[in-house]
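Here is how the chains run, residue by residue.
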Amino acid sequence: MSDTLVWLHPEALRCHHPAALEAPPQTTLVFVWDEELFREMDMSLKRLVFLYESVLSIVTSLSQDSTEARPFLALQGRTVDVLAERQPREILIPDTINPVILARAKALSTRFSVKMVADHPFADVPADRDWRKFFDYWKHAEKSCFFENGTPSLVK
Amino acid sequence: MHDPRDPARDSELPPASLVIRTDFKDRADLIAHVMAICPWAEGEASPIPGGATRARELLAEIDPVAYGHTRNFAEGKVTRLSPYVSHGILSLDEIRNTALKGCTTPQHATKFLQELGWRDFWQRVLKNHPEWAWHDADAYKTGFGPEDYADALPTDIVHGETGVASIDAFVRELNETGYLHNHARMYVASYVVHFRRIKWQAGARWFLKHLLDANIASNNLSWQWVASTFSSKPYIFNLENVRKYFGGVVDVSSENNRPLDASYEALEERLFQKRRVAP
């Protein structure tokens, strides 16, 4: 049984996503080649090839970088079954608005503790505002997005 | 036959998990493998490669200042980073940080950062309103109701055989590469919704299938923006506009683009005949 798993889904293919960084050292990062998921997302061949290459890129870079502590597994099967087999205590999932991925996260949450982890923010804007017009959003975003890491700093 | 198990990990993996194949002699071998394991997948592979190597090459080439001046043009200094962003290989934060390092003052990156901001904006809108992924956020401002729009994309559009040369060129590029300049996407979306009167959902679904940077928030809400169900007016374009930004890249002759060859006033009269007064 593993304590924590990180599911790197098709919209979060990097080992330094905050979900991976938040996990304890030696947490396994898992990508699942889930055909059922991809058919639900109606992916064309070009999208599937791009995805496969992107996953392969992680495998290749990890094999060349012995400093990366986290094991990465690229497995094949149904996402919920593959992750459930490892009997994690907790699953960290990069946050997304993709409804197909969210449905898998919801299914996992009925059996395991699941935490959605946001990516590094582009801008510091109120999360609960109901944005309807871009330039209303931009009036807030421009106060922080011109700074590195989206954080205004007094230190030059 | 390739054994998908990783012998080094046999002792760690539960019995049912298979490791994906990672030994390919070249790209063609990988493509053949994906075709074999996903025989249901439509179309051809794109020449655009996935993965962090290409993403970082493109990231190193960004020019936020040139982007600001040329982004609407076919051969403008667009970054082509969007497929890598959509797959999470690069984050908006990382791209922003790189862009700022390339500018003498942050304000030189305004247009560039605004474009990143649009992506962030769409994500936030859809997070608050997930139903808008596939439902009209508002009424059409075209004078028509949803019942006036066809549900399905005709095959001539999907195959790039509309007879409108510029549109057909854009569709071919979409089908062959999975990438399209943002301005061209707006042209195609406008043609589908307003010139052919087809529901934006059909077009959005089509784009999501083929675009390497498919993102349901950016894509679907952009289609709604063009359609006017998430904007105050419909987006339309004419041949003069295509000539200005894509002349020299696609066929912009009048004879081969007749439906587009009109003034905006004439197009509004033709396309939105039953215009209702907006509340």
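Above this text you will find the structure in question.
Residues numbered from 1 in each chain as written. Chains lettered and ligands numbered in written order. Predicted model: local features only at pLDDT ≥ 70, side-chain atom pairs only at ≥ 80, totals over all residues. Heavy atoms only, no water.

Observations concerning the nonpolar core
Of all hydrophobic cores here, the largest spans 123 residues; its most connected members are W33 and Y137 of chain A together with L113 and F170 of chain B. The residues contacting W33 of chain A, other than those within four sequence positions of it, are F38, L48, L51, Y52, L75, Q76 and G77 of chain A together with I20, V34, I37 and C38 of chain B. Within the second largest apolar cluster, 17 residues are counted, among which are V82, L83 and I93 of chain A together with V19 of chain B. (Core = buried A, V, L, I, M, F, W, Y, C linked by side-chain atoms within 4.5 Å. Buried < 20%, exposed > 50% of the residue type's maximum accessible area, 1.4 Å probe, protein only. Contact = heavy atoms within 4.5 Å.)

Brief notes about the pattern of salt bridges
Counted according to the given criterion, the structure contains 23 salt bridges over all chains. With a shortest N-O distance of 2.7 Å, D213 of chain B and R185 of chain B are connected by a salt bridge. In this pair, D213 of chain B sits in the loop between helix 10 (200-210) and helix 11 (216-227) while R185 of chain B sits in helix 9 (residues 182-195), placing the two residues 28 residues apart along the sequence. There is no split in this pair, since D213 of chain B and R185 of chain B are both buried. A single salt-bridge network, built from bridges that share partners, covers D34, E40 and R104 of chain A. (Salt bridge = Lys/Arg side-chain N within 4 Å of Asp/Glu carboxyl O. Helix = DSSP H or I, 4+ residues; strand = E, 2+ residues; numbered from the N terminus.)

Let's talk about the packing of helix 3 (residues 45-64) of chain A against helix 1 (residues 27-37) of chain B
Axes are the key here: two packed helices are described by the angle between their axes and the distance separating the axes. For the pair helix 3 of chain A and helix 1 of chain B, the least separation of the axes is 10 Å and the interaxial angle reads 120 degrees. With respect to helix 1 of chain B, the axis of helix 3 of chain A lies oblique. Considering how the two elements wind past one another, helix 3 of chain A and helix 1 of chain B form a crossing that is right-handed. Along its contact with helix 3 of chain A, which presents L45, L48, V49, Y52, E53 and L56 of chain A, the element helix 1 of chain B presents R27, L30, I31, H33, V34, M35 and I37 of chain B. A class-by-class count of the residues in the contact of helix 3 of chain A with helix 1 of chain B yields 10 nonpolar, one polar and two charged. (Axes fitted to C-alpha atoms, helices over the stretch in contact; angles between N-to-C directions. Parallel < 35°, antiparallel > 145°, perpendicular 65-115°, else oblique. Left-handed = near helix turned anticlockwise from the far one by under 90°. Nonpolar A, V, L, I, M, F, W, Y, C, P; charged D, E, K, R; others polar.)

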